Amino acid sequence: MERRPWIVASVALAIVFWFAKDGRVPGLYLIALEAAPLLLLGVYAWLRLRLPEGRMLAAMMATSGVGVALVEFFPWAGATVLMLGCGLGIGIVVSHRRMPLHPVEKVAALALILLTPAACYLLAEPPDDVTAGFYGLAVGGLAAGAWTSNLPRAQVGAGAVLLVAASLVAIAGAGPLYPSRVPGLIVWPLFYFGNFLFCTGIVQRLRPRPRPQLVH
């Protein structure tokens, strides 16, 4: 309960950013407002999950916040930071592998790893297509790892898949769907909610449960 304000503040700022991003908010303030909801999720993970996974998850949320704020102005730098965040997330989920895996799960994971970078590469405009392909490999690997882990699939797995969807929509919005406004309206909800589900799902599954007190 004492950690809930961080979640409430994160969701509130995410909603504020969605309404403000196409307004007249100055650029630097908008960058800070975009990063803040993810940074607050990182604080939540740091305080709530005092395990190595919690530290990695907090770092992942922080890099996701910084990366998404940078990518519109500095695409290569922002994509690099986002890939670092995906790497941290992969480090968490692969340490919680689901064994044994059903053949359908293996096929789904392979499809995420192979098709996501291919789609990102094909949707992107040169010269950003190679960077988009590498980012697709990172986010596709994260989704595959999350989907085949023993972490809650309805939260962690679904959250990672939403991150894949956000990436594809964002790249398409700058490419074949330009100048449609639709991608710009849905990318942020997909990206933020994907991170929200991923973060809260891991914290809820891995945080130590208090031991019941014996009554004498």
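Before any of the text, the structure's been laid out above.
Residues numbered from 1 in each chain as written. Predicted model: local features only at pLDDT ≥ 70, side-chain atom pairs only at ≥ 80, totals over all residues. Heavy atoms only, no water.

Here we look at the pattern of salt bridges
Turning to step 1, where the next piece is worked out: Throughout the structure, instances matching the rule amount to 2 salt bridges.
Turning to step 2, where the next piece is worked out: Across the pair E105 and R98 runs a salt bridge whose closest N-O atoms are separated by 3.8 Å.
Turning to step 3, where the next piece is worked out: Owing to a relative accessible area of 26%, R98 belongs among the partly exposed residues under this scheme.
Turning to step 4, where the next piece is worked out: E105 is the partner of R153 in a salt bridge, and the nearest nitrogen-oxygen pair spans 2.7 Å. Of this pair, R153 sits in helix 7 (residues 153-174) while E105 is found in helix 5 (residues 103-123), placing the two residues 48 residues apart along the sequence.
Turning to step 5, where the next piece is worked out: Looking at E105, the relative accessible area reads 13%, which means it is buried.
Turning to step 6, where the next piece is worked out: Each member of the salt-bridge network shares a partner with another, and the members are R98, E105 and R153. (Salt bridge = Lys/Arg side-chain N within 4 Å of Asp/Glu carboxyl O. Buried < 20%, exposed > 50% of the residue type's maximum accessible area, 1.4 Å probe, protein only. Helix = DSSP H or I, 4+ residues; strand = E, 2+ residues; numbered from the N terminus.)

A look at the layout of surface pockets
Turning to step 1, where the next piece is worked out: Taken as a whole, the largest pocket holds about 1,300 Å³ of empty space.
Turning to step 2, where the next piece is worked out: Around the largest pocket, the lining comprises 38 residues; the ones closest to its centre are V71, E72, A170, I171 and A174.
Turning to step 3, where the next piece is worked out: For the lining of the largest pocket, the secondary structure elements donating two or more residues are helix 2 (27-48), helix 3 (52-71), helix 4 (75-93), helix 6 (129-147), helix 7 and helix 8 (182-206).
Turning to step 4, where the next piece is worked out: In the lining of the largest pocket, the residues fall into 25 nonpolar, 6 polar and 7 charged. (1 Å grid on protein atoms, 1.4 Å probe; cavity = no way out; pocket = protein on both sides within 12 Å on 5 of 7 lines; lining within 4 Å. Points joined across faces, edges and corners; volume = space filled by probe spheres on them. Nonpolar A, V, L, I, M, F, W, Y, C, P; charged D, E, K, R; others polar.)

Comments concerning helix 5
Turning to step 1, where the next piece is worked out: A rise of 1.5 Å per residue sets the reference length of helix 5, with its 21 residues, at 30 Å; its end C-alpha atoms lie 29 Å apart and thus fit the reference within 8%.
Turning to step 2, where the next piece is worked out: Bending of helix 5 peaks at approximately 25 degrees at the position of L115, with proline P117 no more than four residues after it.
Turning to step 3, where the next piece is worked out: E105, A109, L112, T116, P117 and C120 are the residues of helix 5 that are buried.
Turning to step 4, where the next piece is worked out: Tucked inside the fold, the buried residues of helix 5 contact helix 6 and helix 7. (Expected span 1.5 Å × (residues − 1). Bend = angle between axes of the 7 residues up to and from the residue. Contact = heavy atoms within 4.5 Å.)

Here we look at the packing of aromatic side chains
Turning to step 1, where the next piece is worked out: Per the counting criterion, the structure on display carries 6 aromatic pairs.
Turning to step 2, where the next piece is worked out: Ring centres 6.3 Å apart and planes at 35 degrees place the aromatic pair W188 and F191 in the tilted group. Residue W188 and its partner F191 are both found in helix 8; the two are separated by 3 residues, about one turn of the helix.
Turning to step 3, where the next piece is worked out: By relative accessible area, F191 is classed as buried at 7%.
Turning to step 4, where the next piece is worked out: In textbook terms, an aromatic cluster arises when at least three aromatic residues are bridged by ring pairs, as seen for F17, W188, F191, Y192, F193 and F196. (Phe/Tyr/Trp six-rings, centres within 6.5 Å; stacked < 30°, edge-to-face > 60°.)

Considering the side chain of H96
Turning to step 1, where the next piece is worked out: Looking at where H96 falls in the secondary structure, it is placed in the loop between helix 4 and helix 5.
Turning to step 2, where the next piece is worked out: Separated by 3.1 Å, the side chains of H96 and E53 make a polar contact.
Turning to step 3, where the next piece is worked out: Beyond its immediate chain neighbours, meaning those up to four positions away, H96 contacts E53, S149, N150, L151 and L206. (Polar contact = N/O pair within 3.5 Å; in protein donor to acceptor, adjacent residues only side chain to side chain.)

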